[in-house]
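Residues per chain are reported as follows:
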Amino acid sequence: MTTSALRVSVIGTGYLGATHAAAMAELGFEVIGVDVDPAKVELLASGRVPFHEPGLPELLQTHLATGRLTFTTDLAAAVAASDIHFVCVGTPQQSGSTAANLDYVEAAVSGIARAMTHDGLVVGKSTVPVGTGERLRVLLDALVPDGVDAELVWNPEFLREGRAVEDTLHPDRIVIGGASENAERMLRSLYAAPVAAGTPVIACDLPTAELVKVSANAFLATKISFINAIAELCEVAGADVTVLADALGHDARIGRRFLGAGIGFGGGCLPKDIRALTHRAGELGAPRIASLLRRVDEINMAQRERVVELAIAACDGSVLDARIAVLGAAFKPDTDDVRDSPALSVAAALHLRGAQVSVYDPAASETGRRTFPTLAFAASLDDAVRNADVVLVLTEWPEFTTASPAALAMLVRGRTVIDGRNCLDADAWRAAGWTVHALGRATPAETRSAVFA
């Protein structure tokens, strides 16, 4: 079979699957996206994306027009028409546990196996606990029809929300786990364009491939929690964690990325992945990494409480009836994803303490409203800060970092801003009459005793 003749099915068309399907079409393949949700399939088939991801709507519309990309709820038909089947379903945290819920992955592999009419390759992209692939291979072998040769391998995803299209088309590495020579050859053919552009391919065993993504996320989470732990020391010592991070970042062994102190990490990957890895490490008898990651998680969650404490201190010890503007709902810029959002966690905590909270986000207000229906969401930045006693900047959108502090000062009731992301020009804000508090950065002497008592 020639490379161009390879046909691809993508099972699960959420954030990962929809992006992967559109990118495979961009690489020249016929792709069928499959989902159990008819509304989602209808939306994607009409060229609309049910979440915010820069560049994806345009890519989707392009390849719906070329005919290389289609969407369906008919799993059997999609599998029968395809040679390579990507499993891109979610692995959320289990209810009442830190373990990953593998129901969707198992259902996808079972459905693919039963529907296979000819030899094919099943490729896991979902993030799963180590050891999952071996169990799924047993499941696949048990369900695939007689006479059909099916192989399961793992090809983890490394997408960053807000950069997902670029990361799929131009990945910084391609990991292929547990593949036979033929399976590896097929995947190298599928990824021929990025490989030709210089993307390295790491071929490894199945457990290593399963561990790559969660290990990467665990390392990034550890780096973030490390700088946030140092930020606490900077606060009490009168140091500036941003300058400190700049100095550390010049060390080639460390690097500057992910050394931004602030409110901490959130989203649909890092929190659940480090918790699932902690759980799996405990099951397998690896207590050191489990203990380390529990502390990483604790430090991260404590950062949210620190912002709440700063807001209460700025309101003279009580936020009851105080008007607080929360700028940001998404867990990071360039997405509308509010899963485990630090910003909304803080907003909800202040709301429960009696504050009148007004949240604004350029892209995530609607998803935030669905997740936290008791919170008030403003239609604009100006509306959010109008008559506010305290302003909290909790997602580093450019609209917030480039806003005029002088213009905003004319709208508020109290000129106090808490920079939960260390993303503002503190000197410019102070020059406009604001009192600025930022995690891990030295506060002017006249306000230090009040804030850090």
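Structure first, text after, so check above.
A quick note: this is a predicted structure, and the numbers were derived from the prediction, not measured.

**Let's talk about helix H5 (residues 103-115)**
Over its 13 residues, H5 runs 18 Å from end to end, which matches the ideal 18 Å to within 8%, given 1.5 Å per residue. Looking only at H5, the buried set comprises Val105, Ala108, Val109, Ser110, Gly111, Ile112, Ala113 and Ala115. Where H5 is buried, its residues contact strand S1 (7-11), helix H4 (75-80), strand S4 (84-87), strand S5 (120-124), helix H6 (132-143) and strand S6 (150-154).

**Topic: the nonpolar core**
If you look at the biggest cluster of nonpolar residues, it comprises 53 residues, and the most contacted ones within it are Leu350, Val359, Val391, Leu392 and Trp434. Top contributing element to this core by residue count: helix H14 (residues 342-352), with six residues.

**Regarding unusual backbone geometry**
Unlike most non-glycine residues, Asp334 shows phi in positive territory, near 65°. Structurally, Asp334 is set in the loop between strand S9 (323-327) and H14. On the accessibility criterion, Asp334 (25% relative accessible area) is partly exposed. Positive phi, close to 50°, is recorded for Asp340, a residue that is not glycine. Residue class for Asp340 comes out partly exposed when judged on its relative accessible area of 26%.

**Some remarks on the pairing of S5**
Among the five residues that make up S5, five are buried, leaving the element largely enclosed by the rest of the structure. In the sheet, S4 pairs with S5 via four bridges, with the strands oriented parallel. Across the sheet, Ile84 pairs through a bridge with Leu121, a residue of S5. Taking the sense of rotation as the criterion, the β-α-β connection linking S4, H5 and S5 turns out right-handed. Of the pairings in the sheet, the one linking S5 to S6 comprises five bridges and is parallel in character. Bridging from a neighbouring strand, Val123 pairs with Val153 of S6. In the classification by handedness, the crossover that spans S5, the intervening H6 and the parallel S6 is right-handed.

**Comments concerning the packing of helix H10 (residues 206-237) against helix H12 (residues 270-284)**
Interhelical geometry of H10 versus H12 gives an angle of 110° and a closest axis separation of 9 Å. Accordingly, the angle class assigned to the pair H10 and H12 is roughly perpendicular. In this structure, H10 crosses over H12, and the sense of that crossing is left-handed. Across the interface between the two elements, Leu211, Lys213, Val214, Asn217, Ala218, Ala221 and Ile224 from H10 touch Leu270, Asp273, Ile274 and Leu277 from H12. Broken down by class, the residue content of the contact of H10 with H12 amounts to eight nonpolar, one polar and two charged.

**Notes on the packing of aromatic side chains**
Under the counting rule described, the total for this entry stands at three aromatic pairs. For the ring pair Tyr15 and Phe51, a centre distance of 5.6 Å and an interplane angle of 55° mean the geometry is tilted. In this pair, Tyr15 sits in helix H1 (residues 15-26) while Phe51 sits in the loop between helix H2 (38-45) and helix H3 (56-66), placing the two residues 36 residues apart along the sequence. Accessibility expressed as a relative area gives 18% for Tyr15, which makes it buried. Judged by its relative accessible area of 16%, Phe51 falls in the buried class. Lying over the aromatic face of Phe158, Arg173 brings its terminal NZ or CZ to 3.6 Å of the ring centre.

**Topic: the packing of H10 against helix H11 (residues 241-249)**
At a minimum axis separation of 10 Å, H10 and H11 run at an interaxial angle of 130°. Our classification of the angle between H10 and H11 gives oblique. For H10 against H11, the interelement crossing comes out right-handed. Seen from H10, the contacting residues are Ile227, Ile230, Ala231 and Cys234; seen from H11, they are Val241, Leu244, Ala245 and Leu248. A breakdown of the residues in the contact of H10 with H11 according to their chemical character gives eight nonpolar, no polar and no charged.

**A closer look at the pairing of strand S10 (residues 356-360)**
Among the five residues of S10, four are classified as buried, and the element is accordingly described as predominantly covered. Here five bridges tie S9 to S10, and the two strands are oriented parallel to one another. Considered in S10, the bridge of Arg323 is made with Gln356. After leaving S9, the chain enters H14 and then returns to the sheet as S10, a path that is right-handed. Here S10 pairs with strand S11 (residues 376-377) via two bridges, running parallel. Note on S11: the bridge partner recorded for Ser358 is Ala376.

**Notes on the pattern of salt bridges**
Scanning all chains against the criterion turns up 27 salt bridges. Taking the shortest distance from any N to any O, the salt bridge between Asp240 and Arg441 comes out at 3.4 Å. On the criterion of sequence distance, the pair formed by Asp240 in the loop between H10 and H11 and Arg441 in the loop between strand S14 (435-438) and helix H20 (445-451) is long-range, its members being 201 residues apart. Of the residues examined, Arg441 reaches a relative accessible area of 18% and is grouped as buried. In this structure, the salt-bridge partner of Asp251 is Arg253, at a minimum N-O distance of 2.6 Å. Ionic contacts of the salt-bridge type, sharing partners, join the residues Arg275, Asp297, Arg304 and Asp340 into one network.

**Considerations on the sheet that holds S14**
Taking strand neighbours across the sheet as the criterion, the six strands line up as S11-S10-S9-S12-S13-S14 in an open arrangement whose pairing is parallel. Taken across any chain shown, the strands that pair with only one partner, and hence form the sheet edges, are S11 and S14. Packed on one face of the sheet, helix H13 (residues 287-314) meets strand S12 (390-393) and strand S13 (416-419) and runs near 170° to S13.

**So, the environment of Glu283**
Tracing the chain through its elements places Glu283 in helix H12. For Glu283 and Arg339, which are 56 residues apart along the polypeptide, the C-alpha to C-alpha distance reads 26 Å. Among the polar contacts made by the side chain of Glu283, one reaches the side chain of Arg280 at a distance of 2.9 Å.

Reading the values: the criteria
- Residues numbered from 1 in each chain as written.
- Predicted model: local features only at pLDDT ≥ 70, side-chain atom pairs only at ≥ 80, totals over all residues.
- Heavy atoms only, no water.
- Helix = DSSP H or I, 4+ residues; strand = E, 2+ residues; numbered from the N terminus.
- Expected span 1.5 Å × (residues − 1).
- Buried < 20%, exposed > 50% of the residue type's maximum accessible area, 1.4 Å probe, protein only.
- Contact = heavy atoms within 4.5 Å.
- Core = buried A, V, L, I, M, F, W, Y, C linked by side-chain atoms within 4.5 Å.
- Pairing = 2+ DSSP bridges.
- Right-handed = clockwise from strand over helix to strand, strands pointing away.
- Axes fitted to C-alpha atoms, helices over the stretch in contact; angles between N-to-C directions.
- Parallel < 35°, antiparallel > 145°, perpendicular 65-115°, else oblique.
- Left-handed = near helix turned anticlockwise from the far one by under 90°.
- Nonpolar A, V, L, I, M, F, W, Y, C, P; charged D, E, K, R; others polar.
- Phe/Tyr/Trp six-rings, centres within 6.5 Å; stacked < 30°, edge-to-face > 60°.
- Lys NZ or Arg CZ within 6 Å of the ring centre and 35° of its normal.
- Salt bridge = Lys/Arg side-chain N within 4 Å of Asp/Glu carboxyl O.
- Polar contact = N/O pair within 3.5 Å; in protein donor to acceptor, adjacent residues only side chain to side chain.

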